[in-house]
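# Tertiary structure, described
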Amino acid sequence: MTIYSVYIINKGGGLIYQYDNNVPKIEVEKTFSYPLELTLKIHDEKVVVAFGQRDGIKVGHVVLAVNGLPVNGRQLEDGQDVMELLNNDDKYPLNIKFGRPKLSKNEEIMFAGMFHSLFAISVQLSPVPHSTGIQMLETDTFKLCCSQTLTGIKFVVLSDPRQVGQDSFLKKLYEIYADYALKNPFYSIDMPINCELFDVNLQQALEQADKITVG
Amino acid sequence: MTIYTLYIFDRNGTCRHYSEWNRKNQSGLSIDEECKLMYGMLSSLKSFVGRMSPVDQKESFHSYRTNKYKLHFYETPSGLQFVMTTDLNVGNITDILQQMYCNIYLEYVVKNPFCSREEAVKSELFKTKLDEYVRGLPIFATKLS
């Protein structure tokens with residue numbers, strides 16, 4: 001089973017655990033000469049492609065590295081401003097690496113809250129009585145499965161769209177949560193989970209789930 | 001298998017058409033308010049899915065399900081959104097929603113010079129044809145239970 005990531009959301013909509021299992025890396029490296037055929041802009045402290053989709057570089061991708069030097073936000077590792085460097089024709093040819101941006105911690109927390117509200121709205125908009133919220137969301141690139149416990153904790157798993165059998169994994173996840181987070185005397189309820197045993201067991205469960213389809 | 005409701009939104013978020021067939025529960029809001037809530041939820045879902053996706057996507061989500069109903073979503077390149085809620089036994093019906101767009105919406109709304117482009121569709125012909133089409137679908141089969 002290909003599981004991309006796991007989220008645990010508390011009853012107030014706060015993210016209390018997030019783990020990326022195997023998120024596919026989308027990166028394209030290319031050498032450019034001046035002038036750059038792509039239009040770049042600064043968005044959310046990142047250098048983003050705004051126009052000129054080509055050779056696998058898509059609109060929305062960010063600059064990850066220039067000449068092998070990793071980019072942090074809008075600056076290179078050595079403190080140079082990326083936009084300034086790319087607008088300077090003496091520095092060309094440049095080797096630039098583009099890729100799909102990873103979710104930042106802030107975005108993860110924001111999307112967890114967003115899912116929490118979408119879940120609640122889907123209950124209200126139900127055309128039949130006594131419906132729960134979203135249990136499975138299907139898109140062309142991934143599948144999101146969610147199970148809510150009686151106490152309001154939501155376990156969310158993102159996986160490959162062709163996968164089945166996430167239900168048993170969600171059950172297993174709840175078991176691990178009950179055994180290694182809730183039973184840990186140093187864990188306070190509804191707070192982020194920082195328990196070593198929980199991490200270890202979750203990873204084991206993920207490895208096991210990965211093996212199921214291989215076998 | 002059965003169909004509960006159908007919403008058609010344009011790209012500005014106006015509800016162009018709403019109809020219900022075997023709906024068993026009202027949301028407690030007026031239709032107007034409900035359409036706004038639905039459109040709001042869908043546009044949030046779209047941006048949520050676009051950002052959460054581990055790889056680049058071409059289309060947004062096509063359906064979600066709860067333990068009682070399933071919501072199908074289809075968006076045309078011009079931003080027109082077809083949303084249908086059905087029960088859980090219905091599979092992928094993107095092609096049905098697409099057919100509805102090509103054979104009914106295009107024919108009886110877009111090609112009708114008297115249909116306004118901004119507000120709800122008033123054409124009775126469109127409504128009748130749509131109702132006929134939906135009632136004729138194999139997934140409409142209502143078992144009187």
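Residues numbered from 1 in each chain as written. Chains lettered and ligands numbered in written order. Predicted model: local features only at pLDDT ≥ 70, side-chain atom pairs only at ≥ 80, totals over all residues. Heavy atoms only, no water.

## What to know about unusual backbone geometry
Residue and element names in this part refer to chain A. A cis amide bond links Y34 with the next residue in sequence, P35, at an omega value of -10 degrees. Its location among the elements puts P35 in the loop between β3 (27-32) and β4 (39-43). That bond from Y92 to P93 is cis: its omega, -5 degrees, falls within 30 degrees of zero. The topology assignment puts P93 in the loop between α1 (82-86) and β9 (94-99). Positive phi, normally seen in glycine, also occurs at N67, with a value near 50 degrees. Mapped onto the secondary structure, N67 falls in the loop between β6 (62-66) and β7 (69-72). Judged by relative accessible area, which is 48%, N67 ranks as partly exposed. The phi torsion at H130 lies on the positive side, around 55 degrees, for a residue other than glycine. (Helix = DSSP H or I, 4+ residues; strand = E, 2+ residues; numbered from the N terminus. Buried < 20%, exposed > 50% of the residue type's maximum accessible area, 1.4 Å probe, protein only.)

## Some points on the pattern of salt bridges
All names here are of chain B. For the coordinates displayed, the defined rule picks out 17 salt bridges over all chains. Between E75 and K46 there is a salt bridge, and its shortest N-O distance comes to 3.2 Å. Taken together, the positions of E75 in strand β4 (residues 70-75) and K46 in helix α1 (residues 31-52) put the pair 29 residues apart, joining distant regions of the chain. Taking the relative accessible area as the measure of exposure, K46 reaches 23% and is therefore partly exposed. (Salt bridge = Lys/Arg side-chain N within 4 Å of Asp/Glu carboxyl O.)

## Thoughts on the nonpolar core
The tendency in soluble globular proteins is for nonpolar side chains to be buried side by side. Ranked by internal contacts, the top residues of the largest apolar core, which has 39 residues, are F115, L137 and L144 of chain A together with M38, F48, F61 and Y64 of chain B. Counting residues per element, this core draws most heavily on α1 of chain B, at eight residues. With residues near it in sequence (within four places) discarded, L137 of chain A still touches F142, K143 and L144 of chain A together with L45, F48, V49, F61, S63 and Y64 of chain B. Within the second largest apolar cluster, 25 residues are counted, among which are I104, Y105, V109 and V121 of chain B. (Core = buried A, V, L, I, M, F, W, Y, C linked by side-chain atoms within 4.5 Å. Contact = heavy atoms within 4.5 Å.)

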